[in-house]
Amino acid sequence: AGRRKPGRRWIVASIAAAAALAAGLLALPRVGLWKTSPVAATSQHIAVLTFNVLGQDQDLTVFADGLMEGITSRLSQFEGPNSRLMVVPASVVRQQAAKTPADARRKLGVDAVVEGHLQGQGDRVRLMLNLVDTRQMRQTDSVVVEDKRSNALSLQDAAVEKLANALSLRVRPEHAASVDIAPPAPGAYEYYLQARGYLQRSDKLPSIESAIALFNRTLELDNRSAIALAGLGEAYQAKFNLTRDSRWIDEALKSCRRALELNPSLPEAKIIMGRIHLDTGQYEQAQKDFETALQSDQRNSAAYQGLASAYEDLKQFDKAEATYRKGIALRPEDWNGYRQLGLFYYRRGNFDKAIDQYQKVVALTPDNAQGYTNLGAFQIRKGANEEAKRSLLRALELDPNRVSTLTNLAKLYFDQEQYPKAIELYERAVKLNASDYRMPGSLGVAYKRMGDSAKAAAPLESAIKMVNSELKTNPKKAELYSYLAFYQATLGRRDGVEALLQRAMGMSPDDLDIMIRAAETEATLGNTDRALALLRRVIAKGFPRAKLKDSIPLRHLLPHLDQK
């Protein structure tokens with residue numbers, strides 16, 4: 001993390017940066033007062049790219065990753081007084097692997113990027129930032145700041161101040177310096193940034209544990225740091241998501257509550273609490289958490305998306321749709337808003353609207369692998385299999401290791417009874433994501449359909465064990481009961497299956513995925529009448545009848561649908 005090779009266009013800039021830094025770290029004058037400048041006439045859609053670290057210092061690399069996230073977060077605070085400004089979250093920059101200005105233009109749709117080069121020498125660090133116009137592919141400004149590593153907060157604030165001036169941003173008094181740590185204990189913010197850097201790899205348990213250790217080290221030096229407590233809560237939540245051990249939920253909530261005692265207006269803590277409450281089925285409390293976060297930051301896209309999810313889980317679908325749309329209205333050039341609304345329409349069974357939203361996603365970000373993956377998934381559900389295959393192969397070309405692309409393409413092959421191709425892709429997906437019960441579950445079902453019951457047993461048993469573990473954490477998640485029933489039926493087990501299906505459909509009576517999965521379960525067990533009754537409900541709700549032919553357990557039932 002933190003290291004990359006510059007593209008040819010940027011070699012000159014990188015050589016210049018390296019030459020300046022190689023000459024040694026010089027004392028720089030202290031920065032002046034914030035300027036208040038008029039907002040630029042053009043749109044300012046900006047991403048801060050991962051910083052390039054000059055040298056092989058691993059601690060400096062994770063420090064650079066955290067500093068990139070800190071600068072991104074601080075710049076986003078200026079969106080309020082600068083209506084045309086939109087800063088891409090650091091997590092999205094990482095997810096889309098936007099490493100160069102050209103990448104960011106294609107994958108994120110931004111107008112400008114901030115590139116960074118960081119060098120350490122002894123106890124001092126120097127950060128050089130280049131502001132690049134991605135439409136003309138030219139550097140428009142540069143910023144250099146230097147300080148002791150233990151003065152990381154001052155270094156960050158100086159960089160943000162100079163970037164804000166270079167971007168001609170309006171600055172409110174409350175944005176003129178970082179809040180929460182004032183003044184920080186020496187070294188505390190350095191540890192905090194390193195923790196944030198490790199937390200960027202929340203898919204790796206050692207990185208999460210390193211983040212937890214460094215957040216705790218920050219708190220040893222400054223036990224009133226609300227942002228460190230919120231970060232610790234986020235790290236514990238990430239550990240829960242990876243291990244599914246519910247004790248980390250309690251630790252996460254405890255840290256976030258303490259953060260809010262110290263700083264009740266800290267939206268990050270409320271957002272993390274909201275996500276935890278969503279994970280554990282406490283949807284009313286999650287709604288309150290996200291509403292409170294929006295009181296502190298009315299343009300926070302994560303809070304809008306969380307609030308919409310809470311409404312959806314509460315079956316308040318009109319409010320959920322309105323909330324997604326409000327988030328889009330505030331950030332109309334943010335592809336992530338269209339992505340979330342498209343997923344909402346997909347879950348509601350409106351595939352045409354879902355596809356329409358994802359067409360906007362790939363129009364804004366033509367190299368967005370995630371966009372093409374979901375577009376392909378929706379096209380599969382609509383029955384446009386050839387279009388879906390083109391979308392998924394494009395996604396796989398852009399990102400060969402994206403699990404969702406592998407599983408959707410595998411599903412397409414599975415439905416066409418090309419089982420060896422499907423199994424190959426499912427096996428790759430299992431290796432890449434061992435914590436998602438659907439990966440071994442799908443692999444086991446594919447082996448079963450191919451007639452290899454011996455190879456099907458182990459992955460299906462693994463999936464059943466993982467679903468049961470999930471249910472202990474969130475017993476209100478309806479789809480878990482439907483998957484558990486389906487996996488049990490695939491193994492030929494009948495006991496308890498009907499009760500699981502009734503519970504799933506009772507909790508989410510309008511969920512088409514659950515109804516189709518229930519019909520497949522009934523058909524697998526030979527309960528033809530029950531399967532047909534479910535299929536009639538699915539078709540009555542608008543699901544394409546022709547698309548049911550893709551389901552092997554269901555296709556032989558279609559001629560009987562019109563019989564009374």
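Residues numbered from 1 in each chain as written. Predicted model: local features only at pLDDT ≥ 70, side-chain atom pairs only at ≥ 80, totals over all residues. Heavy atoms only, no water.

## Digging into the overall build of the protein chain
Helices and strands together make up the secondary structure of the protein chain, namely 26 helices and six strands. Residues counted as buried form 55% of the 564 residues belonging to the protein chain. Considering only intrachain contacts with a sequence separation of at least 6, the fraction spanning at least 24 residues in the protein chain is 61%. For the protein chain, the accessible surface area stands at approximately 24300 Å², while carbon and sulfur atoms represent 49% of it. (Helix = DSSP H or I, 4+ residues; strand = E, 2+ residues; numbered from the N terminus. Buried < 20%, exposed > 50% of the residue type's maximum accessible area, 1.4 Å probe, protein only. Contact = heavy atoms within 4.5 Å. Areas by Shrake-Rupley, 256 points an atom, 1.4 Å probe, with all protein chains shown as cover.)

## Digging into the environment of glutamine 418
Among the structural elements, glutamine 418 can be located in the loop between helix H18 (403-415) and helix H19 (419-432). Each C-alpha atom of the pair glutamine 418 and alanine 446 lies 9.6 Å from the other, and the pair is 28 residues apart in sequence.

## A closer look at the confidence of the model for the protein chain
For the protein chain, per-residue confidence averages 86 on the pLDDT scale, and 90% of positions sit at 70 or higher. Low pLDDT (under 50) marks residues 1-41, which in the prediction has 84 contacts with non-local residues, meaning those over four places away or in another chain. (pLDDT = per-residue confidence, 0-100.)

## Thoughts on empty space enclosed by the protein
Across all of its chains, the model carries one cavity of 30 Å³ or more by this definition. Considering only enclosed or pocket space, the largest cavity measures out at about 100 Å³ in volume. Along its surface, the largest cavity is lined by Ser301, Tyr304, Gln305, Thr323, Tyr324, Gly327, Ile328, Arg331, Asp334, Gly337 and Gln340. Among the elements that take part in the lining of the largest cavity, helix H13 (residues 317-330) stands out by supplying four residues, more than any other. Of the residues assigned to the lining of the largest cavity, the class counts are three nonpolar, six polar and two charged. (1 Å grid on protein atoms, 1.4 Å probe; cavity = no way out; pocket = protein on both sides within 12 Å on 5 of 7 lines; lining within 4 Å. Points joined across faces, edges and corners; volume = space filled by probe spheres on them. Nonpolar A, V, L, I, M, F, W, Y, C, P; charged D, E, K, R; others polar.)

## Focus on the environment of threonine 292
With respect to the secondary-structure elements, threonine 292 resides in helix H11 (residues 283-296). Here the alpha-carbon distance between threonine 292 and serine 265, two residues 27 residues apart in the chain, equals 8.3 Å. At 2.8 Å, the side chain of threonine 292 forms a polar contact with the backbone oxygen of lysine 288. (Polar contact = N/O pair within 3.5 Å; in protein donor to acceptor, adjacent residues only side chain to side chain.)

## With respect to H11
Every α-helical turn comprises 3.6 residues, leaving residues that sit three or four positions apart pointing alike. With 14 residues, H11 extends 20 Å from end C-alpha to end C-alpha; this agrees with the ideal 20 Å at 1.5 Å per step. Listed as buried for H11 are Tyr283, Ala286, Gln287, Asp289, Phe290, Ala293 and Leu294. Buried residues of H11 fall within an arc of 165 degrees about the axis and therefore sit on the same side. Of the surrounding elements, those touching the buried residues of H11 are helix H10 (267-279) and helix H12 (301-313). (Expected span 1.5 Å × (residues − 1). Arc of directions from axis to C-beta.)

## Here's the deal with the environment of tyrosine 372
The topology assignment puts tyrosine 372 in helix H16 (residues 369-382). For tyrosine 372, a relative accessible area of 17% corresponds to the buried category. If we ignore the near neighbours within four places in the chain, the residues touching tyrosine 372 are Val362, Pro366, Ser391, Leu392, Arg394, Ala395 and Leu398.

## As for unusual backbone geometry
Backbone geometry places methionine 137, a non-glycine residue, at a positive phi of 55 degrees. Among the secondary structure elements, methionine 137 is positioned in the loop between strand E5 (124-133) and strand E6 (138-148). With a phi close to 65 degrees, lysine 315 is a non-glycine residue in the positive phi region. When you line up the elements, lysine 315 lands in the loop between H12 and H13.

## Structural notes on the packing of helix H22 (residues 478-490) against helix H23 (residues 497-507)
H23 packs onto H22 with a crossing angle of 155 degrees between their chain directions and a minimal axis gap of 8 Å. With respect to H23, the element H22 is oriented roughly antiparallel. As for how H22 packs across H23, the hand of that crossing is left-handed. Contacts from Ala478, Tyr481, Ser482, Leu484, Ala485, Gln488 and Ala489 in H22 reach Val497, Leu500, Leu501, Arg503, Ala504 and Met507 in H23. Here the contact of H22 with H23 is built from residues that sort into ten nonpolar, two polar and one charged. (Axes fitted to C-alpha atoms, helices over the stretch in contact; angles between N-to-C directions. Parallel < 35°, antiparallel > 145°, perpendicular 65-115°, else oblique. Left-handed = near helix turned anticlockwise from the far one by under 90°.)

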